[in-house]
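# Reading the structure
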Amino acid sequence: MNLTELNRIATAMVAPGKGILAADESSGTIKKRFDAIGVESTEGNRRDYREMLFRSKEAMSQYISGVILYDETIWQDAKDGTPLVKLIEQSGAIPGIKVDEGTQPLPMCPGELVTVGLDKLAERLKKYYDRGARFAKWRAVIDIGSGIPSMTAISVNAHALARYAALCQAAQIVPIVEPEVLMDGDHDIDRCFEVTNRVLNETFQELRAQRVALEGMVLKPNMAVSGKKCAKQASVEEVAEKTIRLLKACVPAAVPGIAFLSGGQSDAEATAHLNAMHKLGPLPWGLTFSYGRALQAAPQKAWSGKAENVAAGQRAFSHRARMNGLASKGEWQSSLEQKAA
Ligand code: 13P
């Protein structure tokens, strides 16, 4: 393992003004997104859509540091035969790959899930590295509800995250470690804070126990937010203050960067929250976005599967990428949103 190189890549992934595009929706998830815009989820349409994003010059060269791909996409070529991975590299962004194989019910723990995909992972990582991937992602899912999460679910998921991270580093790939505490449910922000605190502490304990080099990884956490169905929604300032307090308590300064998931927040909330956190600096790590929905909802709508809408889709993507790029430096203002509309 070359830790200097892993650290260089992890640091580039969270460079100020830039963040990560999570375009790693599984075939099931992208079908849901396409259903919402009336587009059939064929291999060709998935390719055309992602090619549109990766050819968005302004977004990709100025605001996107890396792209998380799904297995199908990393092997696909653009319409003109150029591998999609090459398009990403040519834009200056780093290609990455989702390597978990989704979730399964956790035995003995009703309603809870464990992420799978460790079998043969070392071999898969080697193939992805040869294709150009320099970082990877593994997502664990922790739900909040009555009597859950159990310590069992937290600890098996943390164990698997650390196993994955160690395998990545041995393969010279930067692991994005993503323990996602879901925001579905009616819990308040303090319950989210308390559960995320337990999850992050357990995750770092496992990472240390399995000798993962913290300097060569990126953390992808949820923010401390109110559950979607909670009657009392926390303000932007409260989310920012509690999230930073939580991360300072749980994430060692040796970690080069933290890149948030959006998790179902609206585009505007995801941007405003990240921006507000940067007002609370200085921070010990890079802090940016690794958004899926909060970067792609607008371009998906603008594109709607029509070739004549590609430029509009790229404009919508560039706008959200720019807004989040500014938020990653604390330089976003809500007035910038209206101007672009
Ligand atoms: P969202 O930003 O839509 O939550 O997606 C990010 C991601 O990669 C979740 O695993």
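Residues numbered from 1 in each chain as written. Predicted model: local features only at pLDDT ≥ 70, side-chain atom pairs only at ≥ 80, totals over all residues. Heavy atoms only, no water.

- The name that an unreviewed UniProt entry assigns to the protein is Probable fructose-bisphosphate aldolase class 1, with the source organism given as Bradyrhizobium hipponense.

## Notes on the pairing of strand β10 (residues 286-291)
- In terms of burial, β10 is a largely internal element, 6 of the 6 residues being buried.
- The two faces of β10 match: Gly286, Thr288 and Ser290 on one face and Leu287, Phe289 and Tyr291 on the other face are all buried.
- Of the strand pairs in this sheet, strand β1 (residues 19-23) and β10 are connected by 2 bridges, and their pairing is parallel. Each residue of the ladder has a partner; that of Ile20, found in β10, is Ser290.
- Both strand β9 (residues 257-260) and β10 contribute to a ladder of 4 bridges, which runs parallel. In the sheet register, Ile258 faces β10, and the bridge partner there is Leu287.
- Traced from β9 through helix α11 (residues 267-278) to β10, the parallel crossover comes out right-handed. (Buried < 20%, exposed > 50% of the residue type's maximum accessible area, 1.4 Å probe, protein only. Helix = DSSP H or I, 4+ residues; strand = E, 2+ residues; numbered from the N terminus. Pairing = 2+ DSSP bridges. Right-handed = clockwise from strand over helix to strand, strands pointing away.)

## Looking at the layout of surface pockets
- Roughly 730 Å³ of internal volume is contained in the largest pocket.
- Forming the boundary of the largest pocket are 33 residues, of which Thr29, Arg33, Arg139, Glu180 and Arg293 lie nearest the centre.
- Breaking the lining of the largest pocket down by element, the ones donating at least two residues are α2 (27-36), β5 (113-115), β6 (135-142), β7 (174-181), β10 and α12 (293-303).
- Among the residues forming the lining of the largest pocket, the class breakdown is 8 nonpolar, 11 polar and 14 charged.
- In this structure, the second largest pocket encloses a volume near 180 Å³.
- As for the second largest pocket, its lining consists of Asn45, Asp48, Glu51, Met52, Arg55, Lys79, Trp303, Gly305, Lys306, Ala307, Val310 and Gln314.
- At the level of elements, α3 (43-54) and α13 (310-327) are the ones that each hand at least two residues to the lining of the second largest pocket.
- Of the residues forming the lining of the second largest pocket, the biggest block, 4 residues, is contributed by α3.
- A breakdown of the residues in the lining of the second largest pocket according to their chemical character gives 4 nonpolar, 3 polar and 5 charged. (1 Å grid on protein atoms, 1.4 Å probe; cavity = no way out; pocket = protein on both sides within 12 Å on 5 of 7 lines; lining within 4 Å. Points joined across faces, edges and corners; volume = space filled by probe spheres on them. Nonpolar A, V, L, I, M, F, W, Y, C, P; charged D, E, K, R; others polar.)

## Looking at the nonpolar core
- Core analysis: the largest hydrophobic core is formed by 97 residues, its most contacted members being Phe54, Ile64 and Tyr164.
- If we ignore the near neighbours within four places in the chain, the residues touching Ile64 are Lys18, Gly19, Leu21, Ala59, Ala93, Phe289, Leu295, Phe317 and Ala321.
- Membership of the second largest hydrophobic core comes to 6 residues, among which are Ile144, Ile154, Val195 and Val199. (Core = buried A, V, L, I, M, F, W, Y, C linked by side-chain atoms within 4.5 Å. Contact = heavy atoms within 4.5 Å.)

## Quick word on empty space enclosed by the protein
- Tallied over the entire structure, the rule returns 1 cavity of 30 Å³ or more.
- Roughly 60 Å³ of internal volume is contained in the largest cavity.
- Partitioned by chemical class, the residues of the lining of the largest cavity number 6 nonpolar, 4 polar and 1 charged.

## Examining the packing of helix α10 (residues 236-250) against α11
- Running from N to C, α10 and α11 point in directions that differ by 60°, and their axes come no closer than 8 Å. Classed by the angle they form, the pair α10 and α11 counts as oblique. Note on packing geometry: the crossing formed by α10 with α11 is right-handed. Contacts from Val236, Val239, Ala240, Thr243 and Ile244 in α10 reach Ala272, His273, Ala276 and Met277 in α11.
- Residue composition of the contact of α10 with α11, by class: 7 nonpolar, 2 polar and no charged. (Axes fitted to C-alpha atoms, helices over the stretch in contact; angles between N-to-C directions. Parallel < 35°, antiparallel > 145°, perpendicular 65-115°, else oblique. Left-handed = near helix turned anticlockwise from the far one by under 90°.)

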